[in-house]
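Take a look at the letters that make up each chain.
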Amino acid sequence: MSVIEADGLRRSYRTSTGVLRRRTHEIEAVRGVSFTIDKGELFGLLGPNGAGKTTTIKMLTTLLLPTAGTGRVLGYDVATETARVRASIGYVFGGDRGLYERLNALDNLRYFADLYAVEPRIQRKRIAEVLDIVGLSGRERERVEGYSRGMRQRLHIARGLLHDPPVIFLDEPTIGVDPVGSRELRTTIAALSAAGKTILLTTHYMFEADALCDRVGIIAKGQLLAQGSPAELKARVADRTVVEIEAHAVTADAVEKLRRIPGVVAVTLDERDDGQLLRVQSASGLELTQTILARLGDARVGRIATREPTLEDAYVDVVTQGTRS
Amino acid sequence: MSRAAVPRMLLRGWAIQVKDSSSFGFFIMSSLIEPVIFAAIAAYMFRAGNRPDALLYAAIGAGMLGVWIVTLIGSGQALTFLRHAGILELLIVAPVPFVLVLAPITLAAATVGMYSLAATLVWGWLLFDVPLGVEHPWLLLASVPATVIGLGMLGMLMASVFVLFRHANALTNMLGYPVWLASGFLVPVSLLPDWVRPVSWLLPTTWGAEAIRTSMIGGHPLPAIGACLGLAIGYFALAALTVRHFERLARQRASLALA
């Protein structure tokens, strides 16, 4: 039985521009997204910023009404049976907001335990349990304003688990958390999944999705472009090779020239603090490194590596094809 | 949620909000220092009118002005803060009706507003020789919570607008002084146009001030306490409807979050 169902979910927003002559525009953030998540499954929703991940999660958690389509959690309609849906879910979002900063962690948890009707006789035990799960035992009497970002995020997860919900929505839970904190959070999420929770996770960290998710869905421009297990998605690009080049001053023109090389399937250029990372996907068996370097013009080139495709390459392939069509 | 769980949740919510507001140093400082101005207004007005006997009457009125302003502004600001802090969505997504989440928030604002009344009376006594006496101490103990409940529920009706609109401050700013005037805090309602009287009867501020005044100066506070609590029930019922309606509209218009 599917625990979470999205069937043709759509959501549009109205925005307006101008002061005297106001013009209203309608933006479609989610355009007919459909997927199902089975009991105990960890499903990852991947997509670039503005793809519609958070809007989808907000519709399924009852915070937004769908413009069209239906969403169900444990069989309850997210638009009309809100109280039943809300009692069954834990909702955790990323970032350092969502907590009473001037209060300590214990006060934050007690308040939400009352809101979720956790019985007083088990409240103390349950709070101790969730603090233990997220590794905050012993720090609960400290004010939240003194917590690191990672600790706040773990407190968020503890809050979301207080009523032991069977379904958990995690909206970019590791965003902005340092590598060690992120790894600890991933361990916590994996433990929740192992405990049988049904989880919908949104992220744009591919290695996170690859490591944690049973299945992933790739969403771009409000449409679900592909879904399957990480292995299935990686199989889409198994016949390719990826050349990865650390560089400086690669121009948009150069990237366009690379795209025109016969055999090249996709090219991405990520800006990083310490330079740029160029990834060129091509059909396997082709040796294109020298051709690529020749077309980079005045760009300075550092480390060059050729490797097997990853989930990230599958994601790039899906998003590139999806946004072209 | 069981029936026993509701009072516990309301009490915890109220305590959390009072604790959160009270841990904000600047807010407490302004709550304690601003009443000097309220006390001064009362003292100089009534001294100029050669009514030194009415100084306590005026000081209570001035203090109630502070309570009302803190409740009105505090209730709206609480919602604005919750939205900015990303807590509003988490409260909405809790399985209890949002009106039960909102009630302790505005009751806490009214409770914190009581600092202002207490400070006005103390400053008036210290600086302007306002005589402090309590005619019916036990009834004063009933008048204060009745006033807090009455004002908290009126505050909740105002705060419900903030669930839908991100910038509803203009509405609350606009309501501060008309309610103050119509409640007869400093100018008796009998001096105002006749049509203001029915308006004043519908305001828990009027009855709260009356209950506290008659408890301290002398008279019969019980009818005012009853009126205050009766209006609180009415405003709660009204707020329950508006909160439910505005929550649904906010889900439709996507205005629960900042963006």
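In this text, all values refer to a predicted model and were calculated from it rather than measured experimentally.

A. Up close: the overall build of chain B. Of the regular secondary structure elements, chain B holds 10 helices and zero strands. Along the chain direction, N to C, the helices and strands of chain B fall in the order α-α-α-α-α-α-α-α-α-α. At 18 Å, chain B has a C-alpha radius of gyration in line with the 18 Å of a compact globule built from 259 residues. Overall, the C-alpha framework of chain B stretches about 60 × 35 × 35 Å when taken along its three principal axes.

B. Up close: the packing of helix α3 (residues 55-84) of chain B against helix α6 (residues 137-164) of chain B. Residues and elements named next belong to chain B. At a minimum axis distance of 9 Å, the contact between α3 and α6 shows a crossing angle of 35°. Considering how the two elements wind past one another, α3 and α6 form a crossing that is right-handed. Seen from α3, the contacting residues are Val67, Trp68, Thr71, Leu72, Ser75, Gly76, Ala78, Leu79 and Thr80; seen from α6, they are Leu151, Gly152, Gly155, Met156, Met158, Ala159, Phe162 and Val163. Counted by class, the contact of α3 with α6 contains 11 nonpolar, six polar and no charged residues.

C. Fine view of the nonpolar core. Counting 171 residues, the largest nonpolar core has Leu200, Ile218 and Ile219 of chain A together with Ala42, Ala59, Ala62 and Cys228 of chain B as its most contacted members. Here this core gets 16 residues from one element, more than from any other, and that element is helix α5 (residues 98-128) of chain B. Built from parts of two domains, this core gets at least three residues from each of domain 1 (2-231) and domain 2 (239-308) of chain A. With residues up to four places along the chain from it excluded, the contact list for Ile219 of chain A reads Val33, Leu45, Leu46, Gly47, Ala51, Gly52, Lys53, Leu224 and Leu225 of chain A.

D. Molecular detail of unusual backbone geometry. All names here are of chain A. Of note, the phi angle at Leu74 is positive, near 55°, even though the residue is not glycine. Note on placement: Leu74 falls in the loop between β4 (68-73) and β5 (76-77). Classification of Leu74 as partly exposed rests on a count of 19 C-beta atoms within 10 Å. The phi dihedral of Asp164 falls on the positive side, at around 50°, and the residue is not glycine. Its place among the elements puts Asp164 in the loop between α5 (149-161) and β7 (167-171).

E. Structural view of the interface of chain B and chain A. Contacts between the two partners involve 27 residues from chain B and, on the opposite side, 23 residues from chain A. Residue assignment for the side of chain B that touches chain A shows that the elements contributing at least two residues are α1 (5-22), α4 (87-92) and α10 (221-253) of chain B. A total of eight residues in the side of chain B that touches chain A trace back to one element, the largest contributor, which is α1 of chain B. A class-by-class count of the residues in the side of chain B that touches chain A yields 16 nonpolar, five polar and six charged.

F. Structural view of the domain arrangement of chain A. Under the domain assignment used here, chain A contains domain 1 (2-231) and domain 2 (239-308). When each unit is reduced to the centre of its C-alpha atoms, the spacing between domain 1 of chain A and domain 2 of chain A is 36 Å.

Calculation criteria
- Residues numbered from 1 in each chain as written.
- Chains lettered and ligands numbered in written order.
- Predicted model: local features only at pLDDT ≥ 70, side-chain atom pairs only at ≥ 80, totals over all residues.
- Helix = DSSP H or I, 4+ residues; strand = E, 2+ residues; numbered from the N terminus.
- Rg over C-alpha atoms; globule rule 2.2 N^0.38 Å.
- Axes fitted to C-alpha atoms, helices over the stretch in contact; angles between N-to-C directions.
- Left-handed = near helix turned anticlockwise from the far one by under 90°.
- Contact = placed C-beta atoms within 7 Å.
- Nonpolar A, V, L, I, M, F, W, Y, C, P; charged D, E, K, R; others polar.
- Core = buried A, V, L, I, M, F, W, Y, C linked by C-beta atoms within 7 Å.
- Buried ≥ 20, exposed ≤ 12 C-beta atoms within 10 Å, placed from the backbone.
- Domains from an automatic or database assignment.

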